[in-house]
Amino acid sequence: MRQIHWLSPYRFDDIRQIRGANMASVRLRAGALLSSLSPSAGRLTLGDEIAQGSDLCIVGKIGAADVIQRSGNWLEQIRRFRERGGKLVLDYTDDHLRVETPMSFFYREAIQQADLCVCSSRLLGKSLAESYLGPVEVIPDAIEIEAIRPKQEAHVPVSILWFGHSSNLKYLIEFLPVLQSQQELKLLILTNVEGIKILQATPLPIPLNLQVDAAEWGVETMIEAAQHCDLCIIPSDPADRRKAGASSNRLLTALALGLPTAAEKLDSYLEHESLFVDIRSEQMGALLANPPSFANDVIRAQTGPVPAHEIGRIGEKWSAMLLGL
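Small disclaimer: the values here were computed from a predicted structure and weren't measured.

Now for the sheet that holds strand 1 (residues 2-7). Taking strand neighbours across the sheet as the criterion, the six strands line up as 2-1-3-4-5-6 in an open arrangement whose pairing is parallel. A strand with exactly one partner marks an edge of an open sheet, and here the two such strands are strand 2 (42-47) and strand 6 (136-138). Averaged over all neighbouring strand pairs, the angle between strand axes comes to 20°, with direction disregarded. The pairing of strand 1 with strand 3 (residues 56-59) spans four bridges and is parallel. What sits directly across from Trp6, in strand 3, is Ile58. Along the sheet, helix 1 (residues 24-36) contacts strand 1, strand 2, strand 3, strand 4 (87-92) and strand 5 (116-119); its crossing angle with strand 2, the most-contacted strand, is approximately 155°. Lying on the sheet, helix 2 (residues 67-83) is in contact with strand 1, strand 3 and strand 4; it crosses strand 4 at an angle near 145°.

This paragraph deals with the environment of Thr261. Looking at where Thr261 falls in the secondary structure, it is placed in strand 11 (residues 261-263). Its relative accessible area of 2% is what places Thr261 among the buried residues. Sequence separation of Thr261 and Pro235 is 26 residues, and the distance between their C-alpha atoms is 10 Å. Discounting residues that sit within four places of it in the chain, Thr261 has contacts with Cys232, Ile234, Leu251, Ala254, Leu255, Phe276, Val277 and Leu287. Polar side-chain contacts of Thr261 include one of 2.8 Å to the backbone oxygen of Leu259.

Trans is the common state for peptide bonds, and a negative phi is the common state for residues other than glycine. For the bond running from Val156 to Pro157, omega is -5°, close enough to zero to count as cis. Along the chain, Pro157 falls in the loop between strand 6 and strand 7 (158-163). Residues other than glycine seldom take positive phi values, yet Asp66 does so here, at roughly 50°. By the secondary structure assignment, Asp66 is in the loop between strand 3 and helix 2. According to the relative accessible area criterion, Asp66 is exposed, its value standing at 57%.

Here we take up the sheet that holds strand 8 (residues 185-191). Reading across from one edge, 9-8-7-10-11-12 is the order of the six strands in this open sheet, with parallel pairing throughout. Only two strands of the sheet have a single neighbouring strand rather than two, namely strand 9 (210-216) and strand 12 (277-278). Pairing of strand 10 (residues 231-234) with strand 11, which is carried by three bridges, proceeds in the parallel orientation. From the neighbouring strand, Cys232 faces strand 11, where its bridge partner is Thr261.

Take the side chain of Asn209 next. In this fold, Asn209 is placed in the loop between helix 6 (193-201) and strand 9. A residue is classified by how much of its surface remains accessible, and Asn209, at 5% relative accessible area, is buried. At 2.8 Å, the side chain of Asn209 forms a polar contact with the backbone oxygen of Gln183. Beyond its immediate sequence surroundings of up to four residues, Asn209 is in contact with Leu179, Gln180, Ser181, Gln183, Glu184 and Leu185.

Below, the discussion takes up the pattern of salt bridges. Tallied over the full model, the rule gives 17 salt bridges. Across the pair Glu76 and Arg79 runs a salt bridge, and its minimum N-O distance is 2.3 Å. Taken together, the residues Glu76 and Arg79, both in helix 2 and three residues apart, mark about one turn of the helix. Glu76 sits in the partly exposed class, given a relative accessible area of 30%. Ionic pairing is found between Arg300 and Asp297, a salt bridge with its closest N-O pair at 2.9 Å. Highlighted residues: Arg300 and Asp297, both in helix 11 (residues 295-302), separated by three residues, approximately one helical turn. For Arg300, a relative accessible area of 38% puts it in the partly exposed group.

Moving on, we come to helix 7 (residues 219-227). Listed as buried for helix 7 are Met222, Ala225 and Ala226. Along the axis of helix 7, the buried residues cluster in a sector spanning 100°; they form a single face. The inward-facing, buried residues of helix 7 abut strand 7, strand 8 and helix 9 (249-256).

Another aspect to go through is helix 6. Those residues of helix 6 not exposed but buried are Gly195, Ile196 and Leu199. The buried side chains of helix 6 occupy one side of the element, clustering within an arc of 100° when seen end-on. When the buried face of helix 6 is taken as reference, the exposed residues oriented beyond 90 degrees from it are Lys197, Gln200 and Ala201. On its buried face, helix 6 is in contact with helix 5 (169-175), strand 8 and strand 9.

Reading the values: rules and limits
- Numbering of residues starts from 1 in each chain and follows the order in which that chain's sequence is written.
- Selection of residues for local features in this predicted model requires a pLDDT of at least 70, selection of side-chain atom pairs for listing and counting requires 80 or more, and totals for whole chains, interfaces and linings are taken over all residues.
- Side-chain measures here rest on the full set of heavy atoms in the structure, leaving out hydrogens and waters.
- Strands were regarded as paired on the criterion that DSSP finds at least two bridges between them.
- The numbering of helices and of strands both runs from the N terminus, where a helix is a DSSP run of H or I of at least 4 residues and a strand a run of E of at least 2.
- As a rule, the C-alpha atoms of each element are fitted with a line to give its axis, helices using only the stretch in contact, and angles between N-to-C directions run from 0 to 180 degrees.
- By definition, residues are in contact when any of their heavy atoms lie within 4.5 Å.
- For the exposure calls, accessible area comes from a 1.4 Å probe over protein chains only, and a residue counts as buried if that area is under 20% of its type's maximum, exposed if over 50%, partly exposed in between.
- Nitrogen and oxygen atoms within 3.5 Å of one another constitute a polar contact, given that in protein one can donate a hydrogen and the other can accept it, and given that sequence-neighbouring residues count only through two side-chain atoms.
- Any carboxyl oxygen of Asp or Glu that lies within 4 Å of a side-chain nitrogen of Lys or Arg is treated as forming a salt bridge with it.
- Along the arc lie the directions from the helix axis toward the C-beta atoms.

Note that all results are geometric; they support no functional claim without further evidence.
In structure tokens form, the structure reads like this:
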């Protein structure tokens, strides 16, 4: 039986608590792997210290909190682990090698020890291959909800859902003036605690026709909110290197929620281009005017890419990849 450790700032008394972690990469990546591991195939541990007896270590997202101290700690652990003959996989979900961040130093050092790198999108994999000569695999983030059928009638006024990490809020704030029209609209924003504070402290360019509410994100909160919303928007910036390599998870989650979706044309979204509205196109107006008329796009997504990204299916990709190490 293989002993796998997922190196992460998080620590749980019960490994099954992964599914409730605040960090999406823990829930949607480590959680996916956990879902596919049979007792005979391997045992997964997760935390800030590589568990004794581990023969395979997956280096998860280090995060920005205490990054200087944690970088030194993790790199020393990795060095000792490799000296003992352990296999190392680096899970690379943000482009810290091309965009300088507080975490860049750690990734430049850690990648030199990796037997294999896993990326969350094709574009990230392509970027990584420019500076890493070893094997690179692409495994997207999993979807953690069951599909909900799209609505046949819209609310009055039409209600829009936006959900995401606080790092994505600037794109939403810049997009708000685009929603100015003669049509009354509601917008519900779901984000983390930091995002709520940003919204409270920032003068928002809210058009007169738009009513805005905000709440803290959570899986169940998001599912409940989708019942009261008619569509989802995902504004972003494909030219922003920090976000260009994003996984397809937000788009497919929005469609799994039963919501016709308007999104930016990020690289990982392009293979699903027929399933969403280009948020910068004239079709955006048609979507706002009559969201149920786009329900067939949602249904096609829920019979195609959404099931393929369910947590169990993504977990199988992790297990199959690790078998080769």
